[in-house]
Amino acid sequence: MPEIKVTPLGAGQDVGRSCILVSFGGKNIMLDCGMHMGFNDDRRFPDFSYITQNGRLTDHFHLDHCGALPYMSEMVGYDGPIYMTHPTKAICPILLEDFRKITVDKKGETNFFTSQMIKDCMKKVVPLNLHQTVQVDDELEIKAYYAGHVLGAAMVQLKVGSESVVYTGDYNMTPDRHLGAAWIDKCRPDILISESTYATTIRDSKRCRERDFLKKVHETVERGGKVLIPVFALGRAQELCILLETFWERMNLKAPIYFSTGLTEKANHYYKLFITWTNQKIRKTFVQRNMFEFKHIKPFDRSYADNPGPMVVFATPGMLHAGQSLQIFKKWAGHEKNMVIMPGYCVQGTIGHKILNGQRKLELEGRSTLEVKLQVEYMSFSAHADAKGIMQLIRMAEPRNVLLVHGEAAKMEFLKGKIEQEFSINCFMPANGETATVTTNPSVPVDISLNLLKREMSLGGTLPDPKKPRTMHGTLIMKENSLRLVSPEQALKELGLSEHQLRFTCRVQLQDPHSDADTLRRIYTHLKSVLKGYTTQHLPDSMSVMVESIVVKVSSSAEDPNTKVLLLSWSYQDEDLGSFLSTLLKKGLPSGLC
């Protein structure tokens, strides 16, 4: 039996270093190629020794999904195509170069990719449009769906023949201030590979979270404190900037708000360039007012961190594992009136993860220690689906199996039980390096004759749709290892066989106070008005009505003259029409029919 094999090389019972290897239909596809924020050695990259692949897909530009791309393509030597959406293609090299500068130029690491490698890697990228089906080769095709999460994030469907896999990447089922909600059609894949970052979380009202966030920021600056908000350059940063910009304008506040690294300008450029990826409100108001041109939020200079008085700073990266956010945190951590607000998930091993778990003394590089006195707040503005959102997506796609990645083992286990209980389907959660194997039910390709399709259409049917299975009647002929479905007449002719007539009969009771002849005439009038495309005849001599090969006869019940017994009979060729007529007549005749 055909199989689909899924092996996480990263993000298996873990968050970060997303990299999923999928093998089916003789194809090997890698989904994402990320790095782990919690490691500074070789463990930050996936184990690429498993790989001989046909294609690479990156679902969005966050480093835990694309950070290892140049390493794999230029240092490991992968030379095939890399697929990503247009916004991801535009933003990914900027974040990769920032990451390289921090790792190589500031930390002095040597075994790392160069700026030229990033450029060479991006030359292999094939851009995807939403809902566009791309034919990778003669058999493999891919299709992208909107994922929310960040600008350009996409879920992807992989298809080889009748087998299919959907990979969600990171997605968000709740629309926010600048992006819409994730969406996918009822594609019924063999496996849905879903992220499960918030597998056990059901979030409270977004409005309540926004109110609490604004209250904490306002209270801190009112008492003269500084607020650090670690974010990734694009995504939650824009969401929270829009929120604070609106609040500062409404409250007429004077405390400065800064955004570090100069990426605000780049973000504005990309949001303007890819405005169709934002939500409806942003698209509608964009001509009159660019929501990403901020009046109160200014570019940050590192010297500002030592300025006296209150301020709010958005600094990258979002988990306090490196860069400007960590530098500012070190300066402000010793003052009780200051605050750090962590608006998203932090992986194990990062400073963000440590302080959220209550650690107040931190060991830094060079064996120095840092005492944390500032207030630490976690307020989830993460653009990941919560448990409710994951279940919602499963209902949308109707997969035959689910496989969870990008989450913590204990939380995954809980969600796995819920999915299996509610949907009665298998759910897998392999660890890194483990392979989950799913046996698929292959469909057998059959050629259908044009005459048979035309007959289906003439009966009011639609052309067959692979996503909506339907029954078609015909004769199946197997010849020279191929299957054909043809009309019975064509089969008899080809095989030199004689025909035997088979007729179906059905009795329908009808309440009608008229005479048998009048009832028959009323039936004829009714059928003539409903079945305009068919030959309908009134045969009073034989007390019958004929529609094509279907005969309808009327007689009165012996017990009750007002109860008419209709005898319907039809040939095999008109089986669908006969079934339709029996259902129609069971509903009775319309009132007012002459």
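Residues numbered from 1 in each chain as written. Predicted model: local features only at pLDDT ≥ 70, side-chain atom pairs only at ≥ 80, totals over all residues. Heavy atoms only, no water.

Looking up the protein in an unreviewed UniProt entry gives the name Integrator complex subunit 11, with the organism given as Muraenolepis orangiensis.

**Comments concerning the sheet that holds strand β14 (residues 297-299)**
If you trace the six strands from one edge of the open sheet to the other, you get β14-β13-β15-β12-β16-β19, paired in parallel fashion. Here the strands that pair on one side only, and so sit at the sheet edges, are β14 and β19 (375-378). Mean inter-strand twist for the sheet, computed between neighbouring axes without regard to direction, equals 25°. Along the sheet, helix α5 (residues 206-222) makes contact with β12 (226-230), β15 (311-315), β16 (339-342) and β19, crossing β12 at roughly 140°. Here helix α9 (residues 323-332) sits on the sheet in contact with β12, β15 and β16, set at roughly 150° to β12. (Pairing = 2+ DSSP bridges. Helix = DSSP H or I, 4+ residues; strand = E, 2+ residues; numbered from the N terminus. Axes fitted to C-alpha atoms, helices over the stretch in contact; angles between N-to-C directions. Contact = heavy atoms within 4.5 Å.)

**Details of the side chain of arginine 44**
Looking at where arginine 44 falls in the secondary structure, it is placed in the loop between β3 (27-31) and β4 (55-57). On the basis of relative accessibility, which here comes to 5%, the residue arginine 44 falls in the buried class. Polar contacts involving the side chain of arginine 44 include one to the side chain of glutamate 109, which spans 2.3 Å. (Buried < 20%, exposed > 50% of the residue type's maximum accessible area, 1.4 Å probe, protein only. Polar contact = N/O pair within 3.5 Å; in protein donor to acceptor, adjacent residues only side chain to side chain.)

**Concerning the nonpolar core**
In this structure, Phe213, Leu244, Trp248, Phe329 and Ile355 are the most contacted members of the largest nonpolar core, which totals 129 residues. Take this core: its biggest share by element is eight residues, from helix α6 (residues 236-251). With near-sequence residues (within four places) excluded, tryptophan 248 lies in contact with Val217, Val221, Leu253, Ala255, Ile257, His296 and Val312. Grouped together as the second largest cluster of nonpolar side chains are 26 residues, Val6, Ile20, Ile142 and Ile191 included. (Core = buried A, V, L, I, M, F, W, Y, C linked by side-chain atoms within 4.5 Å.)

**Structural notes on empty space enclosed by the protein**
The full count for this structure, using the stated rule, is three cavities of 30 Å³ or more. Of the voids in this model, the largest cavity is the one considered here, and its volume is about 330 Å³. Along its surface, the largest cavity is lined by 26 residues, and His62, Phe232, Gly344, Tyr345 and His384 are the ones closest to its centre. When contributions to the lining of the largest cavity are tallied by element, the ones reaching two or more residues are α1 (63-66) and α6. Of the residues assigned to the lining of the largest cavity, the class counts are 14 nonpolar, nine polar and three charged. (1 Å grid on protein atoms, 1.4 Å probe; cavity = no way out; pocket = protein on both sides within 12 Å on 5 of 7 lines; lining within 4 Å. Points joined across faces, edges and corners; volume = space filled by probe spheres on them. Nonpolar A, V, L, I, M, F, W, Y, C, P; charged D, E, K, R; others polar.)

**Some points on helix α2 (residues 69-76)**
An α-helix turns once every 3.6 residues. As a result, residues three or four positions apart point the same way. What α2 keeps buried is the set Leu69, Pro70, Tyr71, Met72 and Ser73. A positive backbone phi angle near 110° is found at glycine 77, which sits one or two residues after α2.

**Thoughts on the packing of aromatic side chains**
Under the criterion given, the structure shown has 16 aromatic pairs. Centroid distance tyrosine 198 to tyrosine 345: 6.2 Å. Interplanar angle 85°. Geometry classified as edge-to-face. Linking tyrosine 198 in the loop between β11 (191-195) and α5 with tyrosine 345 in the loop between β16 and α10 (351-356), this pair joins segments that are 147 residues apart in sequence. Judged on exposure class, the residue tyrosine 198 and its partner tyrosine 345 are both buried. Looking at arginine 203, its charged tip hangs above the ring of tyrosine 198, at a distance of 4.7 Å from the centre. (Phe/Tyr/Trp six-rings, centres within 6.5 Å; stacked < 30°, edge-to-face > 60°. Lys NZ or Arg CZ within 6 Å of the ring centre and 35° of its normal.)

**Quick notes on helix α11 (residues 387-397)**
Among all positions in α11, only Ala387, Gly389, Ile390, Met391, Leu393, Ile394 and Ala397 are buried. Summarising the contacts, the buried residues of α11 are in contact with β9 (154-160), β11, β20 (401-405) and α12 (409-423). Looking one or two places after α11, you find glutamate 398, whose phi comes out positive at around 50°.

**Focus on the packing of α2 against helix α4 (residues 115-122)**
In the contact formed by α2 and α4, the axes pass within 9 Å of each other and the chain directions differ by 90°. As judged from the angle between their axes, α2 and α4 are roughly perpendicular. For the pair α2 and α4, the contacting residues are Leu69, Pro70, Ser73, Glu74 and Met75 in the first and Met117, Ile118, Asp120 and Cys121 in the second. Partitioned by chemical class, the residues of the contact of α2 with α4 number six nonpolar, one polar and two charged. (Parallel < 35°, antiparallel > 145°, perpendicular 65-115°, else oblique.)

**Describing the sheet that holds strand β7 (residues 133-135)**
Pairing is mixed across the open sheet formed by seven strands, whose spatial order is β7-β8-β9-β10-β11-β20-β21. The open sheet has two edge strands, β7 and β21 (426-428), and neither has a second partner. Across the sheet, the mean angle separating the axes of adjacent strands is 20° when strand polarity is ignored. Relative to β9, strand β8 (residues 140-146) is paired through seven bridges, and the arrangement is antiparallel. Across the sheet, residue glutamate 141 finds its bridge partner in β9, namely lysine 159. Along the sheet face, α11 touches β9, β11 and β20 and points at about 160° away from the line of β11. Each of β20 and β21 touches α12; the most contacted strand, β20, lies at about 165° to it.

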